[in-house]
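# Observations on chain architecture
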Amino acid sequence: SSGINAEYGDLGDEVPVVTPPIPRCKVCRTYVNPYVQLNDGARRWKCNICARLNDMPADYFYGEDGRRVPFNIDSRPELNSALVEYIAPSEYTTRPPQAAVYLYLIDVSIGAVQTGMVKMACKVLEEELDSIPGDSRRCIGIICFSSKLHYFNLHKNSGQPQMLVVADLDEPFIPTIDELIVNIKEEKQKIKDLLS
């Protein structure tokens, strides 16, 4: 199904792909986006997060053949769509790509339990574990919430899944990443045991 965004129109079935140059704010590192303010004939842009005035890369004003072309905002999906995919070259990364991490939050309030939402969420998540995108390093964490937070330690050294309940929501305790996030491939049975 195609995505519709009232402010930017039909996004279609494909997410627009943006390749370098990828303008970023010099101060806060925000990517250029539809909410920035273009100045000086689009040669500069004002960051919508920190208000810093930044220069637009010169490549924005030249075609693939190296000839100068007029700036065309319609040809820049990053300035028209709130949803884009950036294809960043290796020089944009400071470390190798990290494993995909998925943190699922499940409402376990009385209403969610009574309507069957909790049971359905757990069933779907259990059925779709193998379909979660990522390589063999992909990880998962599960937090349940109601009037309290319920963290689950699924780490291989924990034996059975362990639940930590935190009642103080004003200053909640947060477990370490090693206690909260586990590799799906390594701990699949423990995850399924928790969800069933």
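Refer to the structure above for everything that follows.
Residues numbered from 1 in each chain as written. Predicted model: local features only at pLDDT ≥ 70, side-chain atom pairs only at ≥ 80, totals over all residues. Heavy atoms only, no water.

## Considerations on the packing of aromatic side chains
What counts is decided by this rule: Put simply, two rings from Phe, Tyr or Trp (the six-membered ring, in Trp's case) pair if the centres are within 6.5 Å, and we call them stacked under 30 degrees between planes, edge-to-face over 60, tilted for the rest. The rule for a charge over a ring is simple: NZ of Lys or CZ of Arg within 6 Å of the ring centre, and within 35 degrees of the ring normal.
A complete count under the given rule lists 1 aromatic pair for this structure. Positioned over the ring face of Tyr31 is Arg24, at 4.2 Å from the centre of the ring.

## Let's talk about helix H2 (residues 117-127)
Basically, it comes down to this: Relative accessibility decides the category of a residue: with a 1.4 Å probe and only protein chains considered, values under 20% of the type maximum give buried, values over 50% give exposed, and everything between is partly exposed. Think of it this way: any DSSP run of H or I at least four residues long counts as a helix, any run of E at least two long counts as a strand, and we number them from the N terminus. Think of it as the arc spanned by the lines of direction from the helix axis to the C-beta atoms. Contact definition: two residues touch when any of their heavy atoms are within 4.5 Å.
Within H2 the residues assigned to the buried category are Val118, Cys122 and Leu125. Across the axial projection of H2, the buried residues extend over an arc of 70 degrees, all falling on one side. Of the surrounding elements, those touching the buried residues of H2 are strand S8 (101-107), helix H1 (110-114), strand S9 (139-145) and helix H4 (188-195).

## A look at the sheet that holds strand S4 (residues 37-39)
Basically, it comes down to this: Pairing between two strands is assigned when DSSP locates at least 2 bridges connecting them. Structural elements are reduced to axes, namely lines fitted to C-alpha atoms, with helices fitted over the stretch in contact, and the angle between N-to-C directions of any two is expressed from 0 to 180 degrees.
Spatially, S4-S5-S6 is the arrangement adopted by the 3 strands of the open sheet, whose pairing is antiparallel. Both outer strands of the open sheet, S4 and strand S6 (53-55), are each paired with one neighbouring strand and no more. Along the sheet, successive strands turn relative to each other by an average axial angle of 30 degrees, direction set aside.

## Notes on the pairing of strand S10 (residues 149-153)
Counting buried positions over the 5 residues of S10 gives 5, a clear majority of the element. Here S10 shows no split at all, with Leu149, Tyr151 and Asn153 on one side and His150 and Phe152 on the other all buried. Examined bridge by bridge, S9 and S10 share 3 bridges and lie antiparallel to one another. Within the sheet, the bridge partner assigned to Phe145 lies in S10 and is Leu149. Between S9 and S10, which pair antiparallel and follow one another directly, the connecting turn spans 3 residues. Judged from the 5 bridges that link them, S10 and strand S11 (residues 162-166) form a sheet pairing that is antiparallel. Looking across to S11, one finds that Asn153 is bridged to Gln162.

## Details of the environment of Pro175
Residue position: Pro175 is located in the loop between S11 and helix H3 (177-180). In this structure Pro175 comes out as buried when scored by relative accessible area, which is 10%. Remark: the alpha-carbon pair of Pro175 and Phe152, spanning 23 residues in sequence, is separated by 9.3 Å. Residue contacts for Pro175: discarding those within four places in its chain leaves Tyr151 and Leu180.

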